[in-house]
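# Overview (structure and organization)
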Amino acid sequence: MFFLPEVISEHIPNSIQYFLTASGVLFCSGAILLYIFQCDLIYAANFPPDSRRHVSTPPDYGIHKWEDVSLTTKDNVKIRAYVCRQVPEANARISPTLLLFHANAGNMGHRLPQAKKFYTKHKCNVVLLSYRGYGLSEGKANEKGMRIDAQTILHHIRNDKFLKDTKIVVYGQSVGGAVAIDLVARNENQISGLIVENTFLSLPKLIPHIFPQLRYFTFLCHQIWPSEKSIKQIVNTPILFLTGARDELVPPEHMRKLYELSETRAVKEWKEFPSGTHNDTIIQPGYFEAIGEFLENQVISRNNSRQGDINQEFEKNLNSGVSTE
């Protein structure tokens, strides 16, 4: 509790002394709560209810060529991932691989509907990850650990028998966008494309918008995700920015600023959805079409004069009697 020096308190009415003391207590309490519990505030792994116990599987959404992978990170945390490969195996080798990083709530099972879109509509191999502390993964979510998780799953893709030579596209929503930007910035030579949706400049710059009462305590943030700095390190990768103009959680100007800060020498594309809010931008008309055009024009066909032959090879393999299911 805060106390006023006696020489000062003698000249201040009791009511004002009480207000100052109470304000001091609230200030200290807010600071302590933000510092200690900020990971619980940011990483809502227990929402929706049962998210830490139940994780839907790809067959629930009609994807039957898949693998449930358990990986051990360099700091000895076991994390879970789904690897969904195109069929037959020959198609998996020539299809792009989309690595999906989900937002701050739920687990990878909640993203299977969109994974199926990438798998069936865009003919991608799809890899999904439940960060540490999410779904059936061990540990507790935090920035340092999630960076390790992202690096671990990228390493796994690069050592997968069928996916190791595929073009990797990293896709992230909200916090997942920050994870995606960070991973690409540190591994650009291994990545062929980046797609981010409704993500932020940094957490300290986002907190005043989501938690106005904590705006004076952002200096205590130890979860940073400095995407506004990391995006500048990506200089050769095509980037697609997807933003909902009515996003009520991440101010749309954060996405606009990230777009402006990007210094990539490859193509950067901006797609805004006028009616999109934070959680429903993905269901706006034209969303998956924009991704499809980006994949086709900036990833699949980029530096690949054989793309027509590859498309024919994919169809030939597909028509060999092996179902995509």
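Described in the following lines is the structure provided in the data block. Because the structure is a prediction, the values reported are computed rather than measured.

Looking now at the pattern of salt bridges. Scanning the entire structure with this criterion turns up 10 salt bridges. The closest approach of N and O atoms between Asp 182 and Arg 147, which form a salt bridge, is 2.9 Å. Note that Asp 182 is positioned in helix H6 (residues 175-186) and Arg 147 in helix H5 (residues 143-158), a separation of 35 residues in sequence. When salt bridges with common partners are traced through the structure, they connect Glu 67, Arg 85 and Asp 160 into a single cluster.

Considered as a void within the structure, the largest pocket measures approximately 640 Å³ in volume. In this structure, the largest pocket is lined by 28 residues; those nearest its centre are Ala 103, Asn 104, Ala 105, His 278 and Asn 279. Among the secondary structure elements, those contributing two or more residues to the lining of the largest pocket are helix H2 (14-42) and helix H7 (203-210). Here the element with the most residues in the lining of the largest pocket is H7; it accounts for 4 residues. Class assignment of the residues belonging to the lining of the largest pocket gives a composition of 17 nonpolar, 9 polar and 2 charged.

Further remarks concern unusual backbone geometry. For the bond from Phe 47 to Pro 48, the omega torsion is -5 degrees, close enough to zero to count as cis. Relative to the elements of secondary structure, Pro 48 occurs in the loop between H2 and strand S1 (66-72). For the peptide bond that leads from Val 87 to Pro 88, omega is -10 degrees, which places it in the cis range. Tracing the sequence through the fold places Pro 88 in the loop between strand S2 (78-84) and helix H3 (89-94). One non-glycine residue with positive phi stands out, namely Ser 174, at about 55 degrees. As for its position among the elements, Ser 174 is in the loop between strand S5 (168-173) and H6. By relative accessible area, Ser 174 is classed as buried at 8%. Positive phi, normally seen in glycine, also occurs at Trp 225, with a value near 45 degrees.

Here we take up the sheet that holds S5. Read across the open sheet, the 8 strands follow the order S1-S2-S4-S3-S5-S6-S7-S8; overall the sheet is mixed. Each end of this open sheet is capped by a strand with a single partner; those strands are S1 and strand S8 (268-273). Geometrically, the sheet is characterised by an average inter-axis angle of 20 degrees between neighbouring strands, direction not taken into account. One ladder, built from 4 bridges, connects strand S6 (residues 193-197) with strand S7 (residues 239-244); its direction is parallel. Pairing of Val 196 across the sheet is with Phe 241, part of S7. Most of the contacts of helix H4 (residues 112-121) go to strand S4 (residues 125-130), to which it runs at about 160 degrees, and overall it touches S2, strand S3 (97-101), S4 and S5. Along the sheet face, helix H9 (residues 252-261) touches S6, S7 and S8 and points at about 165 degrees away from the line of S7.

Attention now goes to helix H10 (residues 287-300). The first and last C-alpha atoms of H10 sit 18 Å apart over 14 residues, in line with the 20 Å expected at 1.5 Å per residue. Across the 14 residues of H10, 10 count as buried, placing the element largely inside the fold. All of the buried residues along H10 are Tyr 287, Phe 288, Ala 290, Ile 291, Gly 292, Phe 294, Leu 295, Gln 298, Val 299 and Ile 300.

Between H4 and H10, whose axes approach to 12 Å, the crossing angle comes to 45 degrees. The angle between H4 and H10 places the two elements in the oblique class. Taken as a pair, H4 and H10 cross one another with a handedness that is right-handed. Mapping the contact onto sequence places Gln 114, Lys 117, Phe 118 and Lys 121 in H4 and Phe 288, Glu 289 and Ile 291 in H10. Across the contact of H4 with H10, the residue classes tally to 3 nonpolar, 1 polar and 3 charged.

So, on to the packing of H5 against H6. Viewed as axis vectors pointing N to C, H5 and H6 meet at an angle of 60 degrees, and their least axial separation amounts to 10 Å. The angle between H5 and H6 falls in the class oblique. The element H5 and its partner H6 pack so that their crossing is right-handed. Touching Met 146, Arg 147, Ala 150, Gln 151 and Leu 154 of H5 are Val 175, Val 179, Asp 182, Leu 183 and Arg 186, all from H6. Looking at side-chain class alone, the contact of H5 with H6 contains 6 nonpolar, 1 polar and 3 charged residues.

Procedures and definitions
- Residues numbered from 1 in each chain as written.
- Predicted model: local features only at pLDDT ≥ 70, side-chain atom pairs only at ≥ 80, totals over all residues.
- Heavy atoms only, no water.
- Salt bridge = Lys/Arg side-chain N within 4 Å of Asp/Glu carboxyl O.
- Helix = DSSP H or I, 4+ residues; strand = E, 2+ residues; numbered from the N terminus.
- 1 Å grid on protein atoms, 1.4 Å probe; cavity = no way out; pocket = protein on both sides within 12 Å on 5 of 7 lines; lining within 4 Å.
- Points joined across faces, edges and corners; volume = space filled by probe spheres on them.
- Nonpolar A, V, L, I, M, F, W, Y, C, P; charged D, E, K, R; others polar.
- Buried < 20%, exposed > 50% of the residue type's maximum accessible area, 1.4 Å probe, protein only.
- Pairing = 2+ DSSP bridges.
- Axes fitted to C-alpha atoms, helices over the stretch in contact; angles between N-to-C directions.
- Contact = heavy atoms within 4.5 Å.
- Expected span 1.5 Å × (residues − 1).
- Parallel < 35°, antiparallel > 145°, perpendicular 65-115°, else oblique.
- Left-handed = near helix turned anticlockwise from the far one by under 90°.

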